[in-house]
Amino acid sequence: RYTGIKTVALYASWEYRTAKQDEHVRYEGLNGQTKANELDMIGKNIEVTQSNATVGLAWTVNPALSLRAELFTKDHENNFAGYDDVVGRNYVLNYDIYGTKLTGVVKLTNLISLTSRYVLQRSKSAIFHSGLTTAGVINGSVDGNDSTRHNFSEGITWTVSKAVYVQANGTVVFDQVQTMYPWISGNAK
């Protein structure tokens with residue numbers, strides 16, 4: 001965080017997380033019986049990698065108006081690799097999210113303030129499964145599940161006293177998701 005410019009604060013953050021573990025799973029049908037076409041125990045190595053980054057600025061224009069702009073990205077990958085009796089059975093989900101958040105706070109009086117926010121978020125994901133071999137699938141991998149989200153929100157805060165405030169919020173979201181449905185056939189569809 002940098003506050004060396006009068007009325008402006010610049011900030012950035014980045015985090016990276018990873019986790020590795022083994023998992024043993026037993027699949028059962030709705031009647032509690034093990035499915036005939038599944039092994040009793042399936043062993044998987046699981047590796048999860050997440051990276052999140054944010055860059056932004058907060059600007060106090062005057063005592064009655066503050067503005068904030070922020071860019072963000074998230075890169076997540078979940079990798080499930082089979083071993084032992086299911087060696088070669090793999091599943092990978094990789095999705096990337098990026099967007100921007102714009103916020104404005106207007107203090108109408110010392111008691112009433114308005115907070116307006118717009119968030120644009122886009123994402124792209126890819127799925128790999130060693131069993132996907134149908135039309136539209138390239139070596140078990142499918143690009144799809146892309147999404148776009150526009151989020152508009154408004155908040156009104158009334159400070160009744162030092163100990164009590166009342167707040168009303170409203171949000172409108174326009175969300176579009178493209179799934180891999182048109183490209184997959186068979187049981188995966």
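Starting afresh in each chain, residues are numbered from 1 along the sequence in its written order. Given that the model is predicted, a residue must reach a pLDDT of at least 70 before its local features are reported, and side-chain atom pairs must reach 80 or more before they are shown or counted; all residues, however, enter totals for whole chains, interfaces and linings. Side-chain metrics in this entry use all non-hydrogen atoms of the structure; hydrogen atoms and water are not considered.

Draft legend 1. Just the environment of threonine 54, in detail. Helix and strand definitions follow DSSP, with helices as H or I runs of at least four residues and strands as E runs of at least two, each counted in order from the N terminus. Its place among the elements puts threonine 54 in strand 3 (residues 42-62). Overall, the relative accessible area of 18% leaves threonine 54 in the buried class. Residues threonine 54 and threonine 73 lie 19 residues apart in sequence; the distance between their C-alpha atoms is 6.6 Å. When a residue's accessible area, from a 1.4 Å probe over protein chains only, is under 20% of the maximum for its type it is buried; when over 50% it is exposed; and in between it is partly exposed.

Draft legend 2. Examining the packing of aromatic side chains more closely. Classification of ring pairs uses Phe, Tyr and Trp, with its six-membered ring standing for Trp, and accepts pairs whose centres are within 6.5 Å; under 30 degrees between planes counts as stacked, over 60 as edge-to-face, and the remaining range as tilted. Scanning the entire structure with this criterion turns up three aromatic pairs. Taken together, a centroid distance of 6.2 Å and an interplanar angle of 80 degrees make the contact between phenylalanine 152 and phenylalanine 174 edge-to-face. Highlighted residues: phenylalanine 152 in strand 7 (residues 141-159) and phenylalanine 174 in strand 8 (residues 165-177), separated in sequence by 22 residues. Among the residues examined, phenylalanine 152 registers a relative accessible area of 39% and is labelled partly exposed. One aromatic cluster in this structure is built from Tyr118, Phe152 and Phe174.

Draft legend 3. Highlighting the environment of asparagine 145. For asparagine 145, the location among the structural elements is in strand 7. For asparagine 145, a relative accessible area of 22% gives the class partly exposed. Taking the C-alpha atoms as reference, asparagine 145 lies 8.1 Å from serine 123; in sequence the two are 22 residues apart.

Draft legend 4. Representation of the confidence of the model for the protein chain. pLDDT expresses how confident the predictor is about each individual residue, on a scale running from 0 to 100. The share of residues in the protein chain with pLDDT of 70 or more is 71%, and the mean pLDDT across the chain is 81. Within the protein chain, the lowest mean pLDDT, 86, falls on strand 7, and the highest, 94, falls on strand 8.

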